[in-house]
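Each chain, letter by letter, is given below.
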There are 2 protein chains.
Amino acid sequence: METKYTEIPFTWPQGFKADGVHAGLRKEKLDMGWLYSEQPAAAAGVYTTNQFQAAPTKLTKQTINLQHQLQAVVLNSANANSCTGAQGEQDAVQMQKLAATKLGLSTDLVGVASTGIIGELLPMDVIAAGIDQLQLTDNTKVTEAVLTTDTHAKTVAVTCQIDGKKITISGFCKGSGMIHPNMATMLGFVTTDAAISGTLLQKLLSQATDTTFNQITVDGDTSTNDMVTVLANGVAGNTPLTETSADYATFATALTYILGELAKKIAADGEGATKLVAVTVNGAWSDLEGQQVAKAIVGSNLVKAAIYGEDPNWGRIMVAIGQTDAHLALDAVDVTLNELPMIQASHAATTDVSKLEAPLAGTVINVAVELHNGTGHGQAWGCDLTYDYVKINATYHS
Amino acid sequence: METKYTEIPFTWPQGFKADGVHAGLRKEKLDMGWLYSEQPAAAAGVYTTNQFQAAPTKLTKQTINLQHQLQAVVLNSANANSCTGAQGEQDAVQMQKLAATKLGLSTDLVGVASTGIIGELLPMDVIAAGIDQLQLTDNTKVTEAVLTTDTHAKTVAVTCQIDGKKITISGFCKGSGMIHPNMATMLGFVTTDAAISGTLLQKLLSQATDTTFNQITVDGDTSTNDMVTVLANGVAGNTPLTETSADYATFATALTYILGELAKKIAADGEGATKLVAVTVNGAWSDLEGQQVAKAIVGSNLVKAAIYGEDPNWGRIMVAIGQTDAHLALDAVDVTLNELPMIQASHAATTDVSKLEAPLAGTVINVAVELHNGTGHGQAWGCDLTYDYVKINATYHS
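The name an unreviewed UniProt entry gives chain A is Arginine biosynthesis bifunctional protein ArgJ, with Loigolactobacillus jiayinensis as the organism. According to the UniProt record, the Sequence similarities (unreviewed entry) comment for chain A is "Belongs to the ArgJ family." Entered under Function (unreviewed entry) in the UniProt record, the comment concerning chain A runs "Catalyzes two activities which are involved in the cyclic version of arginine biosynthesis: the synthesis of N-acetylglutamate from glutamate and acetyl-CoA as the acetyl donor, and of ornithine by transacetylation between N(2)-acetylornithine and glutamate."

A. Inspection of the packing of helix H2 (residues 85-103) of chain A against helix H3 (residues 124-133) of chain A at higher detail. Residue and element names in this part refer to chain A. Relative orientation of the contacting elements H2 and H3 amounts to 20°, with a least axis distance of 10 Å. One way to sum up the angle between H2 and H3 is to call them roughly parallel. Judged by the sense of rotation from one axis to the other, the crossing of H2 with H3 is right-handed. The residues of H3 that touch H2, namely those facing Asp91, Gln94, Met95, Leu98, Ala99 and Lys102, are Met124, Ile127, Ala128, Ile131, Asp132 and Gln133. Tallied by class, residues from the contact of H2 with H3 come to 7 nonpolar, 2 polar and 3 charged.

B. Quick peek at helix H2 (residues 85-103) of chain B. The first and last C-alpha atoms of H2 of chain B sit 28 Å apart over 19 residues, in line with the 27 Å expected at 1.5 Å per residue. After H2 of chain B finishes, the residue Gly104 of chain B shows a positive phi value of roughly 70°.

C. Structural view of the interface of chain B and chain A. In this assembly, 53 residues from chain B lie in contact with 54 residues from chain A. Summed over both partners, the interface of chain B with chain A buries about 4,500 Å², with 58% contributed by carbon and sulfur atoms. Applying the counting rule to chain B against chain A returns 0 salt bridges. In this assembly, chain B and chain A are joined by 11 residue pairs in polar contact (both at pLDDT 80 or more). Only helix H8 (301-308), helix H9 (315-322) and helix H11 (387-394) of chain B provide two or more residues apiece to the side of chain B that touches chain A.

D. Fine view of the relation of the copies chain B and chain A. The transformation that overlays chain B on chain A combines an axial shift of 0.0 Å with a rotation of 180°, and the residual RMSD is 0.0 Å. Taken together, the rotation and translation describe the operation of a two-fold axis. Ranked by how close their C-alpha atoms come to the rotation axis, the residues of chain B are headed by Tyr387 of chain B, at 2.6 Å. Looking at the interface residues of chain B, 100% of them are also at the interface in chain A, so both copies use one shared face.

E. Structural context of the sheet that holds strand E10 (residues 276-284) of chain A. Residues and elements named next belong to chain A. Reading across the sheet, the 6 strands line up as E13-E12-E11-E14-E10-E15 and stay open at both edges, with mixed pairing between neighbours. Each having just a single partner strand, strand E13 (347-348) and strand E15 (376-383) make up the two edges of the open sheet. Where E10 meets E15, 7 bridges bridge the pair, whose relative direction is antiparallel. Within E15, the residue paired with Ala278 across the bridge is Trp381. Packed on one face of the sheet, helix H6 (residues 248-268) meets E10 and E15 and runs near 40° to E15.

F. Region of interest: the domain arrangement of chain A. Residues and elements named next belong to chain A. For chain A, the assigned domains are domain 1 (6-266) and domain 2 (276-394). Taken together, the 13 residues of domain 1 in the interface contact 14 residues of domain 2. Across the domain 1-domain 2 interface, the total number found is 0 salt bridges. Counting across the interface, domain 1 meets domain 2 through 1 residue pair in polar contact (both at pLDDT 80 or more). In the side of domain 1 that touches domain 2, the residues fall into 3 nonpolar, 7 polar and 3 charged.

G. A look at the side chain of Asp193 of chain A. Residue and element names in this part refer to chain A. Within the fold, Asp193 resides in the loop between strand E8 (187-192) and helix H5 (198-211). Lys166 is the oppositely charged side chain nearest to the buried, salt-bridge-free Asp193, at an N-O distance of 7.6 Å. Excluding anything up to four places from it in sequence, Asp193 contacts Pro13, Gln14, Phe16, Ile167, Thr168, Asn233, Gly234, Val235, Ala236 and Asn238.

H. The arrangement of unusual backbone geometry in detail. A positive phi angle is found at Ser346 of chain A, which is not glycine, with a value near 65°. Along the chain, Ser346 of chain A turns up in the loop between strand E12 (340-344) and E13. In the Ramachandran plot, His68 of chain B falls in the positive-phi region, its phi being about 50° despite a non-glycine side chain. Note that His68 of chain B resides in the loop between helix H1 (55-67) and strand E4 (69-76).

I. View of the packing of aromatic side chains. Applying the stated rule across the entire model yields 8 aromatic pairs over all chains. Relative to Phe189 of chain A, the ring of Phe172 of chain A has its centre 5.0 Å away and its plane inclined at 25°; by these criteria the two rings are stacked. Here Phe172 of chain A is found in strand E7 (residues 165-174), whereas its partner Phe189 of chain A is found in strand E8, with 17 residues between them in sequence. Like Phe189 of chain A, Phe172 of chain A is buried. Between the aromatic rings of Trp12 of chain B and Phe172 of chain B, the centroid separation amounts to 5.9 Å while the plane-to-plane angle is 80°, which identifies the pairing as edge-to-face. Taken together, the residues span a long stretch of sequence, with Trp12 of chain B in the loop between strand E1 (6-8) and strand E2 (16-21) and Phe172 of chain B in strand E7 (residues 165-174) at a distance of 160 residues.

J. How the structure looks around the pairing of E4 of chain B. Residues and elements named next belong to chain B. Across the 8 residues of E4, 7 count as buried, placing the element largely inside the fold. Taken together, the 7 bridges between strand E3 (residues 32-47) and E4 define a ladder with antiparallel strand orientation. Bridge pairing links Met32 to Asn76 in E4. Sheet analysis places E4 next to strand E5 (residues 110-114), joined by 5 bridges and oriented parallel. Across the sheet, Leu75 pairs through a bridge with Ala113, a residue of E5. Taking the sense of rotation as the criterion, the β-α-β connection linking E4, H2 and E5 turns out right-handed.

Calculation rules
Residues numbered from 1 in each chain as written. Chains lettered and ligands numbered in written order. Predicted model: local features only at pLDDT ≥ 70, side-chain atom pairs only at ≥ 80, totals over all residues. Heavy atoms only, no water. UniProt positions renumbered as here; feature names shortened; annotations may be inferred. Axes fitted to C-alpha atoms, helices over the stretch in contact; angles between N-to-C directions. Helix = DSSP H or I, 4+ residues; strand = E, 2+ residues; numbered from the N terminus. Parallel < 35°, antiparallel > 145°, perpendicular 65-115°, else oblique. Left-handed = near helix turned anticlockwise from the far one by under 90°. Contact = heavy atoms within 4.5 Å. Nonpolar A, V, L, I, M, F, W, Y, C, P; charged D, E, K, R; others polar. Expected span 1.5 Å × (residues − 1). Buried area = accessible area lost by both parts, 1.4 Å probe. Salt bridge = Lys/Arg side-chain N within 4 Å of Asp/Glu carboxyl O. Polar contact = N/O pair within 3.5 Å; in protein donor to acceptor, adjacent residues only side chain to side chain. Least-squares fit on C-alpha atoms with pLDDT ≥ 70 in both. Pairing = 2+ DSSP bridges. Domains from an automatic or database assignment. Buried < 20%, exposed > 50% of the residue type's maximum accessible area, 1.4 Å probe, protein only. Lys, Arg positive; Asp, Glu negative; His and termini not counted. Phe/Tyr/Trp six-rings, centres within 6.5 Å; stacked < 30°, edge-to-face > 60°. Right-handed = clockwise from strand over helix to strand, strands pointing away.

In structure tokens, the structure reads:
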């Protein structure tokens, strides 16, 4: 089956408006924004597994779960409204109300997202003033307003044909530290003008998250605020997608592509990172074990520090593989580094160390593992561990 | 029951000899050593859970498991003899044979330990020359010969009365990076002149490891070579200890103290570390969950970087607690920092931030967590994450 989509410069799908402003939560940068659909959109979300879910995360989850619909999402950076107790929950509700009132919507159609420092109350006067400023525009300022320690906005968009209609899927996200497994690893927002039911959208998002956002790691910590939401407003006019639609696979593939590209952009922009580390595992006992092994490699501080040092210290990759509980053929592990043999049959390959050092000087490091123990496959993405990671995180608060 | 022991300056228990030499594996520092008992000693061991167990680790495990006896252990630093295949296994056996021959022992009574770079074959001529040089002395050079990136030797000794006899328990260890859970997290060697059976010693060691070595972390990676062994030669002349002996608790408490102190010394000397982080958890659902929460806090890169930055960023401690699957009363978590309230009822405590910064300037950071959700208790030890950790690990190999 052909599943064809084309990447395009970032743009909003039909029927979506947005804006971003400087409300005053940050010194100078944009710090509040929103997304709006001209008609209610099918909505789906995935949320952090951290037990201390932040107030906005819980509120958006509750709101989406009502009827899998949203028409707007309002967001702020600089303050996570997390570990803020009953007052924090009231503040999240108030932020939802303020946005709903300005947009003339029921609060049940408005999601809320916050990111930033944990444990401080939202300055609600600043939030209110920010919402006052927000307009319905075609600009992409919201993709900047959501950032914290990110070095740049992260966006991706594709177009494809569904049921003879041209549809667009556009995603943006933020996330640089506190990036790790088991959902949702950051804030991600995907909009599309395709028509699809909320429950089917939820199923697609949950499936695609397992192999995309849940397979990146920067530092092994899972935030209290992580969330990815998808809004599909149907303005493109296709017959609503079902699992038996001719173009269902096209949509699913395109959405997974968007989520995967966003995830990789987060890994590459990990706090202090200088290199994207992309690991592919083949020959695993199962796909799940392939993902587990890939994730273990990108998650190892020792591997990450060696890559920063441009040092082909392959023993650390073996250590990372060996500390999983994946089924292994202990003497049969092959690993290549940017296609150069690095480990063969669990031993040093014959490739000259100097040749292995060369690819490590680049900014994308591809590690391919062949476990020769099944047909399972997995991928994961991470970054190197650098002085700047320590610097950023030793001084973030003060 | 009184369980009294006294810490003493490091010394070998009665009937033990040792030595350390510079064989040439390292440029200048001591790099080979051994331990010897004048009579066969009861022996116990715990070993890495990494699936790629190094050749010497596997060989020592096999040897101890034969009859829970050893009379000597020979060791080297600078080369781990790990991921070295069939040749590596032959080399470990050869190292065992060379030491056994020189000491006039059966190979079944000789353990082997190696630590250092993974994936390079042992230079057996250097190993043989090193064993040639080793003597039976009272010096403590072996405690230095075992070191890699450690900044100093790690030793501890206690004396206590067992069955009216004075017995000594002495431990030393190495370990600075690749330090993490699930055994054995480094090389540790404990000797005692107490009389006790090998199987009971094994039981005691395995129990004590869970709350000591398995509760430290430096970087989340588990080496292929980790191992702790205990040798008890009975020269003190006590009636062999059983679980019903009057002084059994004294011995068990003293041995656990030795293991705990060694573990803490490793955490404090973690690669690049400037501070020891000691976490105590009370009020957990179970002891296991208490240990899990304590370990999650010392294992969080974000917490570790904040402590390096002397920044009381308590939200990161909440993040670490929340990403476990321990049972939590979400609104009831209290945390103190060197006894100053930092988090109360899952919110910021009223303590001035400036007061919280003061203890962070010290070299021992005590974090005490009260979960108010049971009677479980746990402890864990780690260190801060520093520029030097990255530097050491970005340049170790090349």
